[in-house]
Amino acid sequence: TTMQAMFRGSGIEEIDFSVSKDGGSTTRNIKNMNYMFGYCTNLKSIDFGNLNTQSVTNMAYMFSNCTNLQIVDMSGFNTISCETYQRMFSECSSLQNVIVSSKFTNTACISSSISSKFGYIFYKVPTTFNKDCLGWTNGTWDSYGSFKPN
């Protein structure tokens, strides 16, 4: 099941998944969110509410080139299955903060065989952006916004 490129390049300014009354059951089998919001240059806010992400394996380019996106609250995300975050926020030139919980993990990435799984996650985000907001302490960030696991 996929949400790949679902909103890619659309003119949406905000989206609210919290209106779903099913507790996330309709999204529990989603595997691919690649480019889900990529190139949504007008997108400013997202409420992920009930979006179930526990089966997602691919979040590459998910917000890439969302140039007006400032704050992303992904505190409800469970990324236990995610194997790649490549360029997830690349070129989000207005990004100020990403809010996550302890369920936003990179464990599956580290054990996966996908190359470049952490490549350029925060490429060309503002220099004031704090990459440590993800809470990943098992590696370091390079100057290109890529995470290098220990």
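Everything here concerns the structure above.
Thresholds, definitions, all that
Residues numbered from 1 in each chain as written. Predicted model: local features only at pLDDT ≥ 70, side-chain atom pairs only at ≥ 80, totals over all residues. Heavy atoms only, no water. Disulfide = S-S within 2.5 Å. Buried < 20%, exposed > 50% of the residue type's maximum accessible area, 1.4 Å probe, protein only. Salt bridge = Lys/Arg side-chain N within 4 Å of Asp/Glu carboxyl O. Core = buried A, V, L, I, M, F, W, Y, C linked by side-chain atoms within 4.5 Å. Helix = DSSP H or I, 4+ residues; strand = E, 2+ residues; numbered from the N terminus. Contact = heavy atoms within 4.5 Å. Patch = residues over 30% accessible without salt bridge, like charges linked within 9 Å, V, L, I, M, F, W, Y side chains within 5 Å. Areas by Shrake-Rupley, 256 points an atom, 1.4 Å probe, with all protein chains shown as cover. Lys, Arg positive; Asp, Glu negative; His and termini not counted. Charge placed at Lys NZ, Arg CZ, Asp CG, Glu CD. Phe/Tyr/Trp six-rings, centres within 6.5 Å; stacked < 30°, edge-to-face > 60°. Lys NZ or Arg CZ within 6 Å of the ring centre and 35° of its normal.

## A closer look at the state of the cysteines
Logical step 1: Applying the stated rule across the entire model yields 0 disulfides.
Logical step 2: Here Cys40 is not cross-linked by a disulfide; its sulfur's nearest cysteine counterpart is in Cys66, at 5.2 Å.
Logical step 3: Residue Cys92 stays outside any disulfide, its sulfur separated by 5.2 Å from that of Cys66, the closest cysteine.
Logical step 4: By relative accessible area, which is 0% here, Cys92 ends up buried.

## What to know about the pattern of salt bridges
Side chains bearing opposite charge may pair, as long as their charged atoms lie close to each other.
Logical step 1: All told, the structure shown has 1 salt bridge when counted by the stated rule.
Logical step 2: Close ionic contact of Lys148 with Asp142 constitutes a salt bridge, the shortest N to O distance being 3.6 Å.
Logical step 3: The class for Lys148 is partly exposed, based on a relative accessible area of 43%.
Logical step 4: Judged by its relative accessible area of 24%, Asp142 is partly exposed.

## Observations regarding the nonpolar core
Logical step 1: Residues Phe37, Phe48, Phe63, Met74 and Phe89 are the most contacted members of the largest nonpolar core, which totals 42 residues.
Logical step 2: Taken together, the elements giving at least two residues each to this core come down to strand E3 (71–74) and strand E4 (97–100).

## Let's talk about the environment of Ile99
Logical step 1: Looking at the element boundaries, Ile99 is found in strand E4.
Logical step 2: For the pair Ile99 and Leu134, spaced 35 residues apart in the sequence, the C-alpha separation amounts to 7.5 Å.
Logical step 3: Apart from residues lying up to four places away in sequence, Ile99 is in contact with Ile71, Val72, Asp73, Met74 and Ser75.

## Details of unusual backbone geometry
Logical step 1: A positive phi angle, near 55°, is found at Tyr35, a position not held by glycine.
Logical step 2: Locating Tyr35 in the fold gives a position in the loop between strand E1 (14–16) and strand E2 (45–47).
Logical step 3: Residue Tyr35 is classed as buried on the basis of its relative accessible area, which comes to 16%.

## What about a negative patch on the surface?
Logical step 1: Taken together, the side chains of Glu13, Glu14, Asp16, Asp47 and Asp73 define an acidic patch exposed on the protein surface.
Logical step 2: Inspection of the secondary structure puts Asp47 in strand E2.

## With respect to the packing of aromatic side chains
Logical step 1: Inspection of every chain in the model, using the stated rule, returns 23 aromatic pairs.
Logical step 2: Pairing Phe17 with Phe48 gives two aromatic rings, centres 5.9 Å apart and planes at 5°, and the pair type is stacked. Taken together, the residues Phe17 in the loop between E1 and E2 and Phe48 in the loop between E2 and E3 connect sequence positions 31 residues apart. Pair check on accessibility: Phe17 and Phe48 agree, each one buried.
Logical step 3: Taking the centre distance of 6.2 Å and the plane angle of 75° together, the rings of Phe48 and Phe63 count as edge-to-face. Of this pair, Phe48 sits in the loop between E2 and E3 while Phe63 is found in the loop between E2 and E3, placing the two residues 15 residues apart along the sequence. With respect to burial, Phe48 and Phe63 carry one shared label: buried.
Logical step 4: Positioned above the aromatic ring of Tyr35 is the side chain of Arg8, whose terminal nitrogen or guanidinium carbon lies 4.0 Å from the ring centre.
Logical step 5: For Arg87, the ring lying beneath its charged end belongs to Tyr120, and the centroid distance is 4.5 Å.

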